[in-house]
Amino acid sequence: MTQLPEIRLKRGKEESLLRFHPWVFSGAVASLPDGLEEGQLVRVLSSRGEVLGTGHWQIGSIAVRMLTFATPDLPDDFFANRLRQAWQMRYDLGLLRDDNTCVRLVHGEGDFLPGLVVDLYGPTAVMQAHSPGMHHQRAAIAAALTELPGIGSVYYKSDTTLPFKAGLDPVNGYLLGAESEAVATENGLRFNIDWLRGQKTGFFLDQRDNRALLERYAKGREVLNMFCYTGGFSVYAMRGGAKRVVSVDSSAKAIALTRANIELNFPDDPRHEAVAEDAFKYLADMPDGAFDLIVLDPPAFAKHRGALKNGLLGYRKLNARAFEKIRPGGILFTFSCSQVVSKDAFRAAVFTAAAQSGRKVRILHQLTQGADHPVSIYHPEGEYLKGLVLQVE
Ligand code: SAH
């Protein structure tokens, strides 16, 4: 057995680990060995010296991200096993098919791999480390990924996700394999994925089921897809038989991506139009009743606790504009991807916006991220995407 450095917890602080919560907060740590390096694998002990498990140590409010519970060491085949389980789960759920080649393969804590995200686009796995520990393990993880069926290359993209203070030098690039076909299929629709230049890993896979739901309601409607990014909701609305689809994003690059994805699926289709414009300006200028299906999927308005109050105000104002303008009988898909905004707080913000508009509003669906973004029941913090589908009279 290798001798891992040991971290001892304060009395009573082992409770959450016994319930499989994967984080040890720095305030729970009684003692650290000298010379510990950020990202190092450690063994975590209770105050009485019982083994609670192993994890990656780092500086910050989360001191250890747990990889195993109740074992004194990390097995040699740890990453290979966890990754195979993650792949198998997606396969068993029917998410890996010829007509659905993109999927989130690893969703951090939800796949018992805290600090690691892997999105799969056909043969390419795009990997993000959110912790120094996963950064140090990147070569082993990449090797284990290419052992899985269909994965030929691994692109590492952690320049924006690693803790800034760790001072790591995460060079983005291929760890294994090389650039290949960058068109992925989602529910039979085709999307260009640009993991080199796109936001996050290039595509928002978490909205897959919600896009499919929108398709069901699109027939004959005039659709506004606000904050369209790669145009995911727009492409589904087109297939669903929308009369007209307008995609709006303030980024010219996003508008180009949306146009390309529409072209890939519905070449020369006059029903679609894309506009580079600020959301609030577009909503203020558009005529009343122009749309009867509106999607609001903004970037996180509150990225940390300190921004919560302003974030909620942002959601309220944005939704109020949509309630004011949507055609009677219209349907609003509204989302928040801010992790610090709870389901209840988001709902209260949307409720206030509805009340301000004086419209009668009913909840048709309450949405969240897809099954390839699982949430450990012991780690509710992993649930971040919230959506409401509303009918507005
Ligand atoms: N709905 C998308 C994801 C949206 S990501 C999907 O399903 O994939 C958020 C998008 O909002 C980004 O593309 C960003 O460029 C855009 N954005 C940010 N601020 C904006 C603003 N004030 N007005 C319009 N778009 C904005």
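Residues numbered from 1 in each chain as written. Predicted model: local features only at pLDDT ≥ 70, side-chain atom pairs only at ≥ 80, totals over all residues. Heavy atoms only, no water.

J.: Help me understand the domain arrangement of the protein chain, please; the structure alone is not making it clear to me.
T.: Think of interface size as the accessible area that goes away when the parts come together; that is how it is often given. Per the domain assignment, the segments of the protein chain are domain 1 (6-69), domain 2 (78-186) and domain 3 (204-392). In this structure, domain 1 and domain 3 have C-alpha centres spaced 40 Å apart. (Domains from an automatic or database assignment.)

J.: I'm lost on a nonpolar patch on the surface in this one. Help?
T.: Taken together, Phe20, Ile377 and Tyr378 make up a surface patch of nonpolar side chains, about 350 Å² in accessible area. By secondary structure assignment, the location of Tyr378 is in the loop between β19 (361-367) and β20 (386-392). (Patch = residues over 30% accessible without salt bridge, like charges linked within 9 Å, V, L, I, M, F, W, Y side chains within 5 Å. Areas by Shrake-Rupley, 256 points an atom, 1.4 Å probe, with all protein chains shown as cover. Salt bridge = Lys/Arg side-chain N within 4 Å of Asp/Glu carboxyl O. Helix = DSSP H or I, 4+ residues; strand = E, 2+ residues; numbered from the N terminus.)

J.: I keep staring at the packing of aromatic side chains and nothing clicks. Help me out?
T.: Remark: the centre distance and the inter-plane angle together describe each pair of aromatic rings, the angle taken between the planes. A complete count under the given rule lists 13 aromatic pairs for this structure. Ring centres of Phe20 and Tyr378 lie 5.2 Å apart, and the angle between their planes is 55 degrees; on these two criteria the pair is classed as tilted. Placement of the pair is Phe20 in the loop between α1 (15-18) and β2 (23-25) and Tyr378 in the loop between β19 and β20, with a sequence separation of 358 residues. Using a relative accessible area of 43% as the deciding quantity, one classes Phe20 as partly exposed. For Tyr378, a relative accessible area of 41% corresponds to the partly exposed category. Judged by centre distance (5.4 Å) and plane angle (70 degrees), the ring pair of Phe204 and Tyr229 falls under edge-to-face. A residue pair is termed long-range when its members are at least 10 positions apart, and Phe204 in the loop between β13 (189-192) and α5 (208-217) and Tyr229 in the loop between β14 (222-226) and α6 (232-239) qualify at 25 residues. For Phe204, a relative accessible area of 25% gives the class partly exposed. Three or more aromatic residues link up through ring pairs in this structure, and these residues are Phe20, Phe69 and Tyr378. The ring of Tyr217 carries the charged tip of Arg216 above its face, separated from the ring centre by 5.8 Å. (Phe/Tyr/Trp six-rings, centres within 6.5 Å; stacked < 30°, edge-to-face > 60°. Buried < 20%, exposed > 50% of the residue type's maximum accessible area, 1.4 Å probe, protein only. Lys NZ or Arg CZ within 6 Å of the ring centre and 35° of its normal.)

J.: Can you help me understand the sheet that holds β14 in this one?
T.: The strands that make up a sheet pair up through hydrogen bonds in the backbone, lying either parallel or antiparallel. Read across the sheet, seven strands follow the order β16-β15-β14-β17-β18-β20-β19 without closing on themselves; strand pairing throughout is mixed. The sheet is open, and its two edges are formed by β16 (272-276) and β19, each paired on a single side. Strand-to-strand twist of the sheet, defined as the mean angle between neighbouring strand axes without regard to direction, takes the value 15 degrees. Inspection of the sheet shows strand β15 (residues 244-249) paired to β16 by five bridges, in the parallel sense. (Pairing = 2+ DSSP bridges. Axes fitted to C-alpha atoms, helices over the stretch in contact; angles between N-to-C directions.)

J.: Can you help me understand the site of the ligand in this one?
T.: Not every one of the 16 residues close to the ligand is listed here, only the nearest: Phe227, Asp249, Asp278, Ala279 and Asp297. The backbone of Phe227 places a nitrogen or oxygen atom 3.0 Å from a nitrogen atom of the ligand. Interatomic distance of 2.6 Å between a side-chain N/O atom of Asp249 and an oxygen atom of the ligand. For the ligand, whose unbound accessible area comes to 590 Å², protein coverage reaches 86%. Tallied by class, residues from the shell around the ligand come to seven nonpolar, four polar and five charged. (Near = heavy atom within 4 Å. Polar contact = N/O pair within 3.5 Å; in protein donor to acceptor, adjacent residues only side chain to side chain. Nonpolar A, V, L, I, M, F, W, Y, C, P; charged D, E, K, R; others polar.)

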